[in-house]
Amino acid sequence: MIANYHTHTWRCNHAGGREEDYVRNAIARKFEILGFSDHTPYIFPGTYESGFRMLQNQLQDYCHVVRNLQKQFSGQIQIPLGVEMEYYPAYFNETLMLLRDAGIEYLLLGQHFVGNEINEHYSGKATGDESILERYCTQTCDAMQTGLFTYLAHPDLIHFRGDERTYRKHMRLICTEAKRCGIPLEVNMLGKMLDRNYPNPVFWELAAEEGCDVILGCDAHAPEHLLREDTERQLLAMIRSYGLNLLEKATLRNIK
Ligand SMILES: [Zn+2]
Ligand SMILES: [Zn+2]
């Protein structure tokens, strides 16, 4: 691979390492592009504070550090400045304005919660409830329709334990909508490294049936995650075996 747009930093409280070491490892891998996309701050009502994303008052420093890396490594590697973001309709617009003002260059969609994270369902928590699966798909499709997201990270994050026919019926809608909107679907390397419920082969079979574009994403939460060529090889083999259309680079979507 020559481009990775899915990279975190220590600010989200569950990633580590120095930003510069992520860049150095990407250069060692001969990447042309390393995009930072840490978990966005989100403006929530009341006193709720999220534990897995940077705080609003860290956004400026995040942008500053990434912009300095852009200068420091200019001519060696491109370092676009992005964030990974959920689509929580009730809180989305205000947060989007914050990101625009800060000069964020691209958004990855990562729908970590169904509904919202304050009082609803974590997408990665196993469930047999079809209504949760259905809401995950609807919310993800609504997000893609905003036209703001460069790609959909780990579309198969939702952990549905019900029957496969039901899973296929709903998840196919994500594939058809991604295809219609021209949004690539990310095959997530971290899920593979940590042996999570994704990448889910059933989902990638659907994506192949619908002719979706796919892209590899490291979802690096540590600089070493960028060095996992073994994981890359395994996932490239899966991508080939399903005949999926792999993109080497993504076209960044303007967030204005
Ligand atoms: Zn994370
Ligand atoms: Zn991520």
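This text goes with the structure placed above it.
Residues numbered from 1 in each chain as written. Chains lettered and ligands numbered in written order. Predicted model: local features only at pLDDT ≥ 70, side-chain atom pairs only at ≥ 80, totals over all residues. Heavy atoms only, no water.

Focus on the coordination of the zinc ion (ligand 2)
Here is the rule we go by: Any N, O or S atom lying within 2.8 Å of the metal counts as a donor, with the limit raised to 3.2 Å for Na, K and Ca; because water is left out of the atom set, some sites can appear incomplete. Every geometry call rests on angle ranges, with four donors termed tetrahedral when all angles are between 85 and 135 degrees, four termed square planar and six termed octahedral when opposite donors are over 155 degrees apart and all others are between 65 and 115, and everything else termed irregular. For the purposes of this entry, the term helix denotes a DSSP run of H or I that reaches at least four residues, the term strand denotes a run of E that reaches at least two, and both are numbered from the N terminus. To sort residues, take the accessible area from a 1.4 Å probe on protein chains only and compare it with the maximum for the residue type: under 20% means buried, over 50% means exposed, and anything in between is partly exposed.
Looking at the zinc ion (ligand 2), one finds its protein donor set to be His6 (NE2), His8 (NE2), Glu84 (OE) and Asp219 (OD), positioned 2.0 to 2.4 Å from the metal centre. Around the zinc ion (ligand 2), the 4 donor atoms sit at angles spanning 80 to 170°, and that spread fits a shape best called irregular. Here the donor residues of the zinc ion (ligand 2) share one chain and are spaced in sequence as H-x1-H-x75-E-x134-D. Between the two metal centres, the zinc ion (ligand 2) and the zinc ion (ligand 1), the spacing is 4.4 Å. Taken together, the residues span a long stretch of sequence, with His6 in the loop between β1 (3–4) and α1 (19–28) and Glu84 in strand β4 (residues 81–85) at a distance of 78 residues. Relative accessible area serves as the criterion here: at 0%, His6 is assigned to the buried category. Residue classification places Glu84 among the buried residues on the basis of a relative accessible area of 1%.

Here we look at the side chain of Ser123
Selection criterion: In what follows, a contact means two residues having at least one pair of non-hydrogen atoms within 4.5 Å.
Note that Ser123 resides in the loop between β7 (121–122) and α4 (130–145). Excluding anything up to four places from it in sequence, Ser123 contacts Gln111, His112, Phe113, Val114, Tyr136, Leu157, Ile158 and His159.

What about the environment of Gln78?
When you line up the elements, Gln78 lands in the loop between α2 (59–72) and β4. Through-space distance from the C-alpha of Gln78 to that of Glu32 is 6.2 Å; in sequence the pair is 46 residues apart.

Quick notes on the coordination of the zinc ion (ligand 1)
A metal bound by six donors in octahedral fashion has ideal angles of 90 or 180 degrees, whereas one bound by four tetrahedral donors has an ideal angle of 109.5 degrees. Ligation of the zinc ion (ligand 1) by protein atoms is provided by His14 (NE2), His39 (NE2) and His221 (NE2), these donors lying 2.0 to 2.1 Å from the ion. Here the donor residues of the zinc ion (ligand 1) share one chain and are spaced in sequence as H-x24-H-x181-H. Its relative accessible area of 3% is what places His39 among the buried residues. Residue His221 is classed as buried on the basis of its relative accessible area, which comes to 11%.

Regarding the environment of Asp230
To be explicit about the condition: Counted as a polar contact is a pair of N or O atoms within 3.5 Å, where, for protein atoms, one must be capable of donating a hydrogen and the other of accepting one, and residues adjacent in sequence contribute only when both atoms are in side chains.
On the secondary structure map, Asp230 appears in helix α8 (residues 229–241). Taking the relative accessible area as the measure of exposure, Asp230 reaches 34% and is therefore partly exposed. A sequence separation of 37 residues divides Asp230 from Met193, and the C-alpha atoms of the two residues are 9.3 Å apart. Within polar-contact distance, the side chain of Asp230 engages the side chain of Arg228 at 3.1 Å.

Concerning the nonpolar core
To keep things clear, this is the line we draw: The set of buried Ala, Val, Leu, Ile, Met, Phe, Trp, Tyr and Cys residues whose side-chain atoms join them within 4.5 Å is what this entry labels a nonpolar core.
Counting residues in hydrophobic clusters, the biggest one holds 79 residues, and the most contacted among them are Tyr62, Ile104, Leu107, Met171, Ile174 and Leu185. If you tally residues by element for this core, the top one is α4, at 7 residues. For Leu107, the residues in contact, after removing those within four places along its chain, are Val83, Met85, Leu96, Leu99, Leu148, Phe149, Thr150, Tyr151 and Ile255. Listed in part, the 9 residues of the second largest apolar core include Ala3, Ile33, Ala153 and Ala250.

What to know about the environment of Arg53
Examined against the element boundaries, Arg53 turns out to sit in the loop between β3 (36–39) and α2. You can call Arg53 buried: its relative accessible area is 2%. Sequence-wise, Arg53 and Met85 are 32 residues apart; in three dimensions their C-alpha atoms are separated by 9.6 Å. Apart from residues no more than four positions distant in its own chain, Arg53 is found in contact with Arg11, Cys12, Asn13, His39, Thr40, Pro41, Tyr42, Phe44, Glu86, Tyr88 and Glu117.

What to know about the pattern of salt bridges
Formally: We count a salt bridge whenever a side-chain nitrogen from Lys or Arg sits within 4 Å of a carboxyl oxygen from Asp or Glu.
By the definition in use, this model includes 19 salt bridges. Here Arg11 and Glu19 are joined by a salt bridge, their closest N and O atoms 2.9 Å apart. As far as the burial class goes, Arg11 and Glu19 line up, both buried. With a closest N to O distance of 2.7 Å, Glu32 and Lys249 form a salt bridge.

Notes on unusual backbone geometry
In this chain, Tyr198 is followed by Pro199 through a cis amide linkage whose omega measures -5°. Along the chain, Pro199 turns up in the loop between α6 (189–193) and α7 (201–209). The backbone of Asp195 shows a phi angle near 55°, a positive value even though the residue is not glycine. Along the chain, Asp195 turns up in the loop between α6 and α7. Even without glycine at this site, Asp219 takes up a positive phi of about 50°. Along the chain, Asp219 falls in the loop between β10 (213–217) and α8.

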